[in-house]
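Take a look at the letters that make up each chain.
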Amino acid sequence: EVSKGYWTRSSFYSSRHGPRSSASTSWSLSSSRASPQGSMVKGIGALRTLSIEEIPSDCSEPVDPKALEQARAIVDSIRKGGEEALKATATKFKDIKEGEAYTCTPAELKAAFDGLPKDQQGVLTRVAERISKFAAAQRGSIKDATTDIPGGQAGQTVSPVETAGCYAPGGRYPLPSSVLMTACTARAAGVKKVWVASPHPDQVTMAAAYVAKADGMLRVGGAQAVATLSQGIGPVPKCDIIVGPGNQWVTAAKSLVSQTGTAIDMLAGPSEVLVIGDDTADPATVGADLLAQAEHDVEARPILVSTSKQLIEAVNSELVKQLAAMPSPNRETATEACKKGFAVVASSVDDAIAVSDRIAPEHLEIMTKHAMEVGMKCKHYGGLFVGRYAAEVLGDYGVGPNHVLPTAGTARYTGGLSVHTFLRIRTWMRIDRQEDSQAVVQDSVALARLEGLEGHARAAEKRLC
């Protein structure tokens, strides 16, 4: 079914969304490419060791061509057929049953929250508060500004979009944490209307939407959810932006609607974690963190870069041991992901940093001496986790910074989801004193004629004294 089988949290993203097909990927490495001086540890889960020269270039494309073709058919159908097409598509892919409502009201979301045990209510509430606190600090970092210009003033205003759609995966691995990460951040940015979409939402996911102050929930997933949020159907408003992780059909649909006036956060590929460790790192902790990411998706990429061959050996031993103790189906998913991962022996911490910057991982953990100093030297990553106790999973579950992060090397030019994703920076200018603006007018006339734009020049000349 083209609506199921979820991809990355970000990430952009990581995906506890169940195993995807282990089809070809640019990061899949044949054993013949393993370094002859690689790990001696054998067994299921052990990472192969590559030299720096053997690290593959990441040519991954987050939008699968076949998924794009299928998503296009769904998006076009709903765009043309409206609500009836939505209901038909949602029923076909078993998002809803025949005649069943495709949305949840605020009252239903509240009832879901009220029906949870007090301890679960507390978890959702505390996580939402931490996410909102960090997002509020981000919002406070960018403000309206005004400066003088010849003859007047110019400035910028910062304002949120009016309506946001927040997608959260459902199915076998529902992600209420993604509901909180996206919707709480939108609210902190000041977005007036926030809708959440998630297929087969369970009680906790619905409760998370209530805690995040969502205005409603679309009980539909896949490309059909993205099409609905983009277009606006029934009680679901037309969204200015759609954010959040999803499967390859969600990603494909986001790429399509982004071409027709709906903003998106990012196009996410398989999740990644890279650990830079030295001889002070704890092998059991490193191994646990690599597997925590590996269990997301068969295409996830656990990577270890270390100045210590002994650490790599010890971590591989931990991976074999810990993987054997994982429950099914997490074990099977992580096993496949470990085949995509690798370890690299670096001659120095600076070389390790260079390897990390080349990969530009979604998640970057630093477990070395002087970890903060090392982390601040790194240039390209989605989220940075400094020191043994700053586990990436704490970022997943709401310590503050957002867990929706760039993948596939895109951290070289973009960051993760934040309040800034929902904000518009608009500029303005005003001329109060014509005589003081004459130098600007004359320069504008001259530059317009240098470019051959006579209409521009004549429009500027209308402002000459």
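J.: Quick rundown of the packing of aromatic side chains? Include the residues and the values.
T.: Taken as a whole and assessed by the stated rule, the structure comprises one aromatic pair. With 5.3 Å between their ring centres and 35 degrees between their planes, phenylalanine 113 and tyrosine 210 make a pair best called tilted. Within this pair, whereas phenylalanine 113 is found in helix H2 (residues 106–114), its partner tyrosine 210 is found in helix H5 (residues 203–211), the two being separated by 97 residues in sequence. Among the residues examined, phenylalanine 113 registers a relative accessible area of 12% and is labelled buried. Residue class for tyrosine 210 comes out partly exposed when judged on its relative accessible area of 31%.

J.: Now, about the sheet that holds strand S4 (residues 152–160): what can you tell me, with residues and values included?
T.: Spatially, three strands are ordered S3-S4-S15 in an open sheet, and the strand pairing comes out antiparallel. Of all the strands in the sheet, just strand S3 (145–149) and strand S15 (423–431) have a single pairing partner and so form its edges. For this sheet, the mean angle separating the axes of adjacent strands, direction not counted, is 20 degrees. By the bridge criterion, nine bridges tie S4 to S15 in an arrangement that is antiparallel. Each residue of the ladder has a partner; that of glycine 152, found in S15, is isoleucine 431.

J.: Account for helix H10 (residues 330–340), naming residues and giving values.
T.: When we look at burial in H10, the residues that qualify are Asn330, Thr333, Ala334, Thr335, Ala337, Cys338 and Lys340. Among the structural elements, helix H8 (283–294), strand S11 (301–306), helix H9 (309–324) and strand S12 (342–345) are those in contact with the buried residues of H10.

J.: Let's hear about unusual backbone geometry: which residues, and what values?
T.: Looking along the chain, the bond that leaves serine 328 and enters proline 329 is cis, with omega of 5 degrees. The backbone phi angle of histidine 370 is positive, close to 50 degrees, even though this residue is not glycine. Relative to the helices and strands, histidine 370 is located in the loop between strand S13 (363–367) and helix H12 (371–377). Among the residues examined, histidine 370 registers a relative accessible area of 59% and is labelled exposed.

J.: Outline the pattern of salt bridges, listing residues and values.
T.: Enumeration over the complete set of coordinates arrives at 17 salt bridges. One salt bridge in this structure joins arginine 79 and aspartate 76, with 3.9 Å as the shortest N-O distance. Taken as a pair, arginine 79 and aspartate 76 lie in helix H1 (residues 65–92) at a separation of three residues, close to a single helical turn. Given the relative accessible area of 38%, arginine 79 is considered partly exposed. One continuous salt-bridge network, built from bridges that share partners, spans Arg449, Glu454, Arg458 and Glu461.

J.: Talk me through helix H4 (residues 176–189); I want residue IDs and the actual numbers.
T.: With 14 residues, H4 extends 20 Å from end C-alpha to end C-alpha; this agrees with the ideal 20 Å at 1.5 Å per step. Taken residue by residue, H4 has Pro176, Ser177, Ser178, Val179, Leu180, Met181, Thr182, Ala183, Cys184, Thr185, Ala186 and Ala189 as its buried positions. After H4 finishes, the residue glycine 190 shows a positive phi value of roughly 100 degrees.

J.: Could you give an account of the sheet that holds S11, with specific residues and numbers?
T.: A sheet is described by the order of its strands in space; here six strands give the open sequence S1-S12-S11-S10-S13-S14, paired in parallel fashion. Edge positions in the sheet fall to strand S1 (48–50) and strand S14 (383–386), since each of these pairs with one other strand and no more. The mean angle between the axes of side-by-side strands here comes to 20 degrees, regardless of whether they run parallel or antiparallel. Relative to S11, strand S10 (residues 272–277) runs parallel, the two sharing six bridges. Counted as the bridge partner of valine 273 is proline 302 from S11. Packed on one face of the sheet, H8 meets S10, S11 and S13 and runs near 170 degrees to S10. On top of the sheet, helix H11 (residues 349–359) reaches S10, S11, S12 and S13; it is set at about 170 degrees to S10, its chief contact.

J.: Quick rundown of the nonpolar core? Include the residues and the values.
T.: Core analysis: the largest hydrophobic core is formed by 42 residues, its most contacted members being Leu124, Leu180, Val191, Val196, Ala209, Met217 and Phe422. Among the elements of the structure, H2, helix H3 (118–140), strand S5 (163–167), H4, strand S6 (193–197), H5 and strand S8 (241–243) are those that each provide at least two residues to this core. The greatest single-element share of this core, amounting to seven residues, is contributed by H4. When neighbours within four sequence positions are excluded, valine 191 is seen to be in contact with Pro160, Val161, Glu162, Thr163, Ala164, Ala186 and Phe422. With 32 residues, the next largest nonpolar core counts Ile78, Leu86, Ala223 and Leu256 among its residues.

Conventions adopted
- Residues numbered from 1 in each chain as written.
- Predicted model: local features only at pLDDT ≥ 70, side-chain atom pairs only at ≥ 80, totals over all residues.
- Heavy atoms only, no water.
- Phe/Tyr/Trp six-rings, centres within 6.5 Å; stacked < 30°, edge-to-face > 60°.
- Helix = DSSP H or I, 4+ residues; strand = E, 2+ residues; numbered from the N terminus.
- Buried < 20%, exposed > 50% of the residue type's maximum accessible area, 1.4 Å probe, protein only.
- Pairing = 2+ DSSP bridges.
- Axes fitted to C-alpha atoms, helices over the stretch in contact; angles between N-to-C directions.
- Contact = heavy atoms within 4.5 Å.
- Salt bridge = Lys/Arg side-chain N within 4 Å of Asp/Glu carboxyl O.
- Expected span 1.5 Å × (residues − 1).
- Core = buried A, V, L, I, M, F, W, Y, C linked by side-chain atoms within 4.5 Å.

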